[in-house]
Amino acid sequence: MTRFAAILLAGFMFAGIAGAAELGPIQADKSRLAFVSKQMGVPVEGEFRKFAVQMSFDPAKPEAGKAQIEIDMASIDAGSAEANEEVVGKNWFNVKQFPKASFVSSSVKALGGNKFEVAGKLTIRDKTRDVAAPFTMAQQGANAQFEGTFTIKRADFGIGQGAWADFDTVANEVQIKFKFVAAAKK
Amino acid sequence: MTNGLSQGRYTATAVTLHWLVALGIFGAFSLGLYMHELPLSPTKLKLYSYHKWAGVTIFLFVLIRLAWRATHPPPPLPAAMPAWQRTVAHALHHLLYLLMVAIPITGWLMSSAKGFQTVWFGLVPLPDLLDKNKELGDTLALVHKTLNLTMAALVISHVAAAVKHHVFDRDDVLARMLPFLDNNKVTR
């Protein structure tokens, strides 16, 4: 009986960890990768429509969590047709030369409750910088939802050069907002 | 007090508001015509913001003007004016007031629909009354433009009528709206 309970417990634990840690591919229709820039003091939202996320995360063992994100830069929607034409160009993302941006996590820590923070390396264009992003995890039925917001400085990545380099029209700080929904693998 | 002179002139406040709004509209209109053809650049973003700030400011002056107008009746038109001219004059003035209100409002709505909130002087955000919607934004842009061209035509008629009163009718209809001009000196 004791042995049976131990096996059962071990089985539950294994299932529990595996269930939470292994995440299926993210659900594109429920997930979002958006950014808010400030133009002349006006917040303007844009987004990337195509990105791939690979994650494993167990809220009971956050430090073992991993995330890798690859963003298709040509899928950018900067908020208007003329902005879309502009931002793929040399002064901004230079999409021809740098078609992908990426984030690779290096560590995850718990901040208490359902709050966590992921740190890692963000590469846009030819620049790689350390970034940290707080996020929350929420269970939604069979899905896990990860949501967070952090701020980067566009100049750190050489985004917006030439006439756009100074910050009096487009601010240096750009807010990144992400929401990833993934099915927990059974 | 013969030769068709009307009695009194506009109050100094009414004259000041008239010319402030006229100057503002002329500036914002010209800027609007110029900026919308520009290729995207920091300058274009700045000019769009200045245009919106000007629009909000003019709108506030127009509201003050309307309040003043409602509480301070304008001097009567010259007695010699034919009835049809009075009707046209009143209709034109009412249309101008209507456009002074409608044009900034369509500009504001169009900004919201295009996804670029209006933030007055980069400090005071105006609420977005419409969600971002490209088709609606394009429609409102057309409405904004059409109302502006209508106003331009009406302003030309307005100026032509004032000049006609001054030069041909030789009354004080123009003079009483001009600052620094003494009513009594207009006695040609």
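Everything here concerns the structure above.
Residues numbered from 1 in each chain as written. Chains lettered and ligands numbered in written order. Predicted model: local features only at pLDDT ≥ 70, side-chain atom pairs only at ≥ 80, totals over all residues.

This part covers the interface of chain A and chain B. The partner chain B presents 13 residues to the 14 residues of chain A that form the contact. Looking at the side of chain A that touches chain B, the elements with two or more residues in it are strand 3 (42–48) and helix 2 (81–87) of chain A. Partitioned by chemical class, the residues of the side of chain A that touches chain B number 7 nonpolar, 5 polar and 2 charged. (Contact = placed C-beta atoms within 7 Å. Helix = DSSP H or I, 4+ residues; strand = E, 2+ residues; numbered from the N terminus. Nonpolar A, V, L, I, M, F, W, Y, C, P; charged D, E, K, R; others polar.)

Moving on, we come to the pairing of strand 5 (residues 66–72) of chain A. Residues and elements named next belong to chain A. Of the two faces of strand 5, only the one carrying Ala-67, Ile-69 and Ile-71 is buried; Lys-66, Gln-68, Glu-70 and Asp-72 on the other face are not. In terms of strand pairing, strand 4 (residues 51–56) meets strand 5 through 6 bridges, oriented antiparallel. Within strand 5, the position partnered with Val-53 by the bridge is Ile-69. Sheet topology note: the strand 5/strand 7 (residues 100–112) ladder contains 5 bridges and is antiparallel. When the bridges of strand 7 are listed, Ile-71 appears paired with Ala-101. (Buried ≥ 20, exposed ≤ 12 C-beta atoms within 10 Å, placed from the backbone. Pairing = 2+ DSSP bridges.)

The subject of this paragraph is the packing of helix 1 (residues 12–35) of chain B against helix 2 (residues 42–71) of chain B. Residues and elements named next belong to chain B. In contact at an axis separation of 9 Å, helix 1 and helix 2 are set at 155° when each is read in the N-to-C sense. Comparing the axis directions of helix 1 and helix 2 gives the class roughly antiparallel. Here helix 1 and helix 2 pass one another in a crossing that is left-handed. Its residues assigned to classes, the contact of helix 1 with helix 2 comprises 17 nonpolar, 7 polar and 2 charged. (Axes fitted to C-alpha atoms, helices over the stretch in contact; angles between N-to-C directions. Parallel < 35°, antiparallel > 145°, perpendicular 65-115°, else oblique. Left-handed = near helix turned anticlockwise from the far one by under 90°.)

The next point concerns the nonpolar core. Core analysis: the biggest nonpolar cluster contains 36 residues, and Val53(A), Met55(A), Ile71(A), Phe180(A) and Ala182(A) have the highest contact counts within it. In this structure Ile71(A) touches Leu33(A), Phe48(A), Phe51(A), Lys100(A), Ala101(A) and Ser102(A), once residues within four positions along its chain are discounted. The next biggest cluster of nonpolar side chains, apart from the first, holds 8 residues, and it includes Leu99(B), Met100(B), Ile103(B) and Met151(B). (Core = buried A, V, L, I, M, F, W, Y, C linked by C-beta atoms within 7 Å.)

On to the environment of Glu63(A), then. Looking at the element boundaries, Glu63(A) is found in the loop between strand 4 and strand 5. In this structure the C-alpha to C-alpha distance between Glu63(A) and Ser106(A), which are 43 residues apart in sequence, comes to 9.6 Å.

Moving on, we get to the packing of helix 3 (residues 83–113) of chain B against helix 4 (residues 134–169) of chain B. All names here are of chain B. Look at helix 3 against helix 4: their axes get within 9 Å of each other, and the N-to-C directions meet at 155°. Relative to helix 4, helix 3 is oriented roughly antiparallel. Two packed elements cross with a definite hand, and for helix 3 against helix 4 that hand is left-handed.

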